[in-house]
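Spelled out, the chains give:
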Amino acid sequence: DAQKTVFYTALYHTMIVPNLFNDADGQYRGRDNNIHSADGYNIYSVFSLWDTYRACNPLYTLIEPKRTNDFIQTFLRQYEQGGLLPVWELSANETDCMIGNHAIPVIFDAWQKGIRGYDANKALTAMQKSADSDRYGLPSYRSMGYIPSDKEPESVSKTLEYAYDDWCIAQMAKGLNQKSV
């Protein structure tokens, strides 16, 4: 009984966020601060992706495939409205308080598991654009293959996260039969 209590409490905690962000009519405030409408899916908020991409998001692909698809639609809307995929999004605002580009492995994991109710080519483009941005030590990573510790805090963690993100992008590109993005 004690183990069941721990298990179901932990499972409950996985469902606290992300939160539904659009109104009943599908309208929501976007990253560009304008009012938009979601058509055929829900918009979500509070993506703490650094905290969730390793365990919660893979769990969602198994037990919540429709919501997972909506999460990815939300990521793509945020990309359209803000130019990059979310890192740690809160109420349509990027907090920029985590490392890595963890929307990338979330999208790839869902795509690998057959969750594909979104434009996969647009997702791949968004993944690549986010990986090619000039923030969080990415220029050093691209030019040197790693991030020097005297140039950027959390250099080792960022280097490992970016390498994994790049692998996810490469695997998705391969799956979409694209040699370059």
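The preceding data block contains the structure.
The text that follows walks through the structure, step by step, so that each part is easy to find. (Residues numbered from 1 in each chain as written. Predicted model: local features only at pLDDT ≥ 70, side-chain atom pairs only at ≥ 80, totals over all residues. Heavy atoms only, no water.)

1. Observations concerning a nonpolar patch on the surface
A cluster of nonpolar side chains, namely M15, L62 and I63, defines an oily patch on the protein surface of about 280 Å² accessible area. Relative to the elements of secondary structure, I63 occurs in helix α3 (residues 56-63). (Patch = residues over 30% accessible without salt bridge, like charges linked within 9 Å, V, L, I, M, F, W, Y side chains within 5 Å. Areas by Shrake-Rupley, 256 points an atom, 1.4 Å probe, with all protein chains shown as cover. Salt bridge = Lys/Arg side-chain N within 4 Å of Asp/Glu carboxyl O. Helix = DSSP H or I, 4+ residues; strand = E, 2+ residues; numbered from the N terminus.)

2. Focus on α3
Among all positions in α3, only C56, N57, P58, Y60 and T61 are buried. For α3, the secondary structure elements touched by its buried residues are α1 (2-14), α2 (49-52), α4 (65-82) and α5 (103-112). (Buried < 20%, exposed > 50% of the residue type's maximum accessible area, 1.4 Å probe, protein only. Contact = heavy atoms within 4.5 Å.)

3. Some words on the sheet that holds strand β6 (residues 88-90)
With antiparallel pairing, three strands are arranged side by side in an open sheet as β5-β6-β7. The open sheet terminates on both sides in strands that have one partner only, identified here as β5 (47-48) and β7 (93-94). Bridge analysis of β6 against β7 gives two bridges, and the strand direction is antiparallel. Residue L90 lies in a different strand from β7, and its bridge partner there is N93. (Pairing = 2+ DSSP bridges.)

4. A word on the packing of aromatic side chains
Using the criterion set out here, one finds nine aromatic pairs in the structure. Between Y44 and F71, the aromatic rings sit 5.0 Å apart at their centres with planes inclined by 85 degrees, giving edge-to-face as the arrangement. Residue Y44 is found in strand β4 (residues 44-45), and its partner F71 is found in helix α4; the two are separated by 27 residues along the sequence. Pair check on accessibility: Y44 and F71 agree, each one buried. An angle of 80 degrees between the planes, with centres 5.5 Å apart, marks the rings of F47 and F71 as edge-to-face. With F47 in strand β5 and F71 in helix α4, this pair connects stretches of sequence that are 24 residues apart. Relative accessible area serves as the criterion here: at 0%, F71 is assigned to the buried category. Pairwise contacts between aromatic rings join Y44, F47, Y60, F71 and F75 into one cluster. Over the ring of W50 we find R54; its NZ or CZ atom is 5.5 Å from the centre of that ring. In this structure, R67 is placed above the aromatic ring of Y60, and the distance from its NZ or CZ to the ring centre is 5.6 Å. (Phe/Tyr/Trp six-rings, centres within 6.5 Å; stacked < 30°, edge-to-face > 60°. Lys NZ or Arg CZ within 6 Å of the ring centre and 35° of its normal.)

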